[in-house]
Every structure is written in structure tokens, then in C-alpha cells.
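# Summary of the model geometry
The lines below spell out each chain.
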Amino acid sequence: MTEYQVAIIGGGPAGLAAALTLSRSMMRTIVFDSPLPPRNDASSHVGAFPGMDMAAPKDIRETVTAQISKYGYTDMKSAEIASVSADEEGFALKTQGGSSFRARRLLLTTGMIDIFPKIAGISNRWGTSVINCPFCQGFELKNRPWGIYVHRPEILSAAEVYRNWTSDLVMFVEPTINVPQDRADAITALGIELIASGAEALEGPGNSLTEVVLRDGRRVPREVLLIWPHQTQGDLVKTLDLPLCEDGYVEIDECYRTGMAGIYAAGDLTYGGHQSTTTAIHMGNRAATWMVFDLCQTDNALAPSRSDRQSELTPSDLADTAPVPEFQQLGQA
């Protein structure tokens, strides 16, 4: 059975960023990436990614994977994990194909599963004319007629934000969503029409959108529809029975540790805020850094007592406790 210091389950942005950091830290790592298409596969590009702005998701994955491989510390495996079991030495992992692996630490970067409203025509338009993030794709769709699908009450609070990309906005409000009168007045004052009806279908040639068909038969011309889907954890996370926040995301501490010893989590499965490639990369990098801290301290048998806070130190703590030398600008005597 092949043994690793870290096993990463999920080969998206968070998982790849963690693998790169772990490789540069000389940690033997394996990344299990699902053979299924990634969540952002339908997107034509990733916006606001410094250095690779407007690059296709596939190109970003290939670039980062190539950078990881040159270090020689990380193996990539296209496989779904069927089971994870913990023991005193770490974790035993089995893939759906029957292969077995061991790792001392486990990082979950599995992302989330989107749950869409039952509207005909979403699937072939997702990532093109149906989007969920104006920061990622709004620039390319700016100044067009947009629709905002309100099937979650919190979407109403972002009306002013959506108007940044277009002044031609309609909000389709599910009848189950209550719109307080003061909020309705504020939204309509922005020139946004509120339509109290759910959508039944989307129409338009190919993956483009021309009309939103409502349940009452009305047809509203729109070229873009923004949907912020509900989300759920994948089967593996549910099987591990990790502690979750009230909104269903994996609960982590400031070091990306979950409620189960030796298991860390990063990326979309830990938060429901502004989910993006760049945010996931940041989280994956940070999680990997803390895993290196924990593994090195274990290997060097620091085993601190309650009075010895070394294992709990954060980088900012280290800066505070270090002596402050005198500095001068480079080039000066």
C-alpha cells in the first residue's frame, strides 16, 4: 500500500494550490481528482485571475498541474474515493476502483454540489447566458438585459450590486419569497422591475438566452439570467460526518482543521460567500501551510503542554514575539 504524508481529495483550484505548496515544502502528497467534469467546466474563462485573466478553466488546471509535477513530490490520480477510515497512524483510503492508499493527513477540497431550480433550459446555458457570479463573468455580459432569479431571500439584498453591471434588470421572485415593502420600494427606485412569478423555461438559440418563460405564461425578453443555486455537500463529506455550520458548510478553525483530528478542509465546501477560483486558491495555499506546520511539529516531537503555545502560534504571533532589529533602506550605509 502506497503511503503519503498528505492526501488531497479534490483536484480543483483549492486542491491544486495546496498540492503546489506542499510540493514546495517537500511533502509526499497525492491528489485524487474526480474523473467527472469539474464544476466550472462549462465556463469559457476565469475572470480576475492575476496572471491568467480570461484563461479557460482547463488551461489553468493544466498549467498548475505541470508546475506541481516538476517538483516530483506529488502524484495525481483520477479516481473517486469510496471510503476513508482513520486509525492511530493516519488514514486508509480506498478508491471506487479498489486501489488502497495511506496518508497521515487528509485535506478535503471537494467543492459543493449545486442544486438548481427546476427550470427547463438551464443545463445547456449554465456558464454562458446563465451565470451565478457577476464578478467572474459580468464584464463580458455588461449592459445587456439581465434577469435575477430570487429563490433565496438574501438575493434581494444584492440588487444594488447587480445594477453595477447593467441598468436593465428584472427580478423574478418566487411566490414563496417575502419581499418587505421597504425593500421593494428601494429596489424599484433603482429602476429594477419586480415580477412575482417563478420561471418555467428558458428559450433562445443554442446556449444563448432570449426569453424567460414564466409559469403564468408571460415571456420576458432577457439575455442573461443570474441564479445563485442552493448547495449541498458531496457523499464523501456526508459519510465522514464532519461537523457542519448552520448553513451546511464544513466547519473549520483558523488553521483549516475540521472537527475530526487529522482532516482539514479548504475551498467552496467551507463557505457560501463569494466562491471563486482565486478565493479557493488562497484557502488551499493557507490550508497546506498549516498542514506543514502540524506535520513538522509532530515529526519533531514538540508535544507542547498547555503553557507552551508553540504549536498554536500563527505567523502574526511569530512576528510579535521576534526581536525587532534596526532597519535601513537598501543602498544606504
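Refer to the preceding data block for the structure.
Residues numbered from 1 in each chain as written. Predicted model: local features only at pLDDT ≥ 70, side-chain atom pairs only at ≥ 80, totals over all residues. Heavy atoms only, no water.

Here we take up the nonpolar core. Core analysis: the biggest nonpolar cluster contains 27 residues, and Val 6, Ile 8, Leu 22, Ile 60, Leu 107, Tyr 256 and Ala 266 have the highest contact counts within it. The set of elements that each furnish at least two residues to this core consists of strand S1 (2-9), helix H1 (13-24), helix H2 (57-69) and helix H7 (277-299). The element contributing the most residues to this core is H7, with seven residues. Not counting residues within four places of it along the chain, the set of residues in contact with Leu 107 comprises Ala 7, Ile 8, Ile 9, Ala 18, Tyr 264, Ala 265, Ala 266, Ala 287 and Met 291. Of all hydrophobic cores here, the second largest spans 23 residues; its members include Phe 32, Val 84, Leu 106 and Val 237. (Core = buried A, V, L, I, M, F, W, Y, C linked by side-chain atoms within 4.5 Å. Buried < 20%, exposed > 50% of the residue type's maximum accessible area, 1.4 Å probe, protein only. Helix = DSSP H or I, 4+ residues; strand = E, 2+ residues; numbered from the N terminus. Contact = heavy atoms within 4.5 Å.)

Another point: H1. End to end, H1 covers 17 Å across twelve residues, agreeing with the expected 16 Å (1.5 Å per residue, within 8%). Most of H1 sits inside the fold, with nine of its twelve residues counted as buried. Every buried residue belonging to H1 is among Ala 14, Gly 15, Leu 16, Ala 17, Ala 18, Ala 19, Thr 21, Leu 22 and Ser 23, and all of these are buried. (Expected span 1.5 Å × (residues − 1).)

Moving on to the layout of surface pockets. For the second largest pocket, the calculated volume is near 310 Å³. Lining the second largest pocket are 15 residues, and of these Asn 132, Tyr 162, Trp 228, Gly 273 and His 274 lie nearest its centre. Contributing elements (two or more residues each) for the lining of the second largest pocket: helix H3 (134-137) and helix H4 (159-162). Its residues assigned to classes, the lining of the second largest pocket comprises nine nonpolar, five polar and one charged. (1 Å grid on protein atoms, 1.4 Å probe; cavity = no way out; pocket = protein on both sides within 12 Å on 5 of 7 lines; lining within 4 Å. Points joined across faces, edges and corners; volume = space filled by probe spheres on them. Nonpolar A, V, L, I, M, F, W, Y, C, P; charged D, E, K, R; others polar.)

On to the sheet that holds strand S8 (residues 130-131). Strands pair in a sheet through their backbones, by hydrogen bonds, and they do so in one of two ways: parallel or antiparallel. Taken together, five strands build an open sheet; the order of strands is S8-S15-S9-S10-S11 and the sheet is parallel. With partners counted over all chains shown, the strands left at the sheet margins are S8 and strand S11 (193-195), one partner each. Bridging between strand S9 (residues 146-150) and strand S15 (residues 224-226) involves three bridges; their strand directions are parallel. When the sheet's bridge partners are listed, Gly 147 is paired in S15 with Leu 225. (Pairing = 2+ DSSP bridges.)

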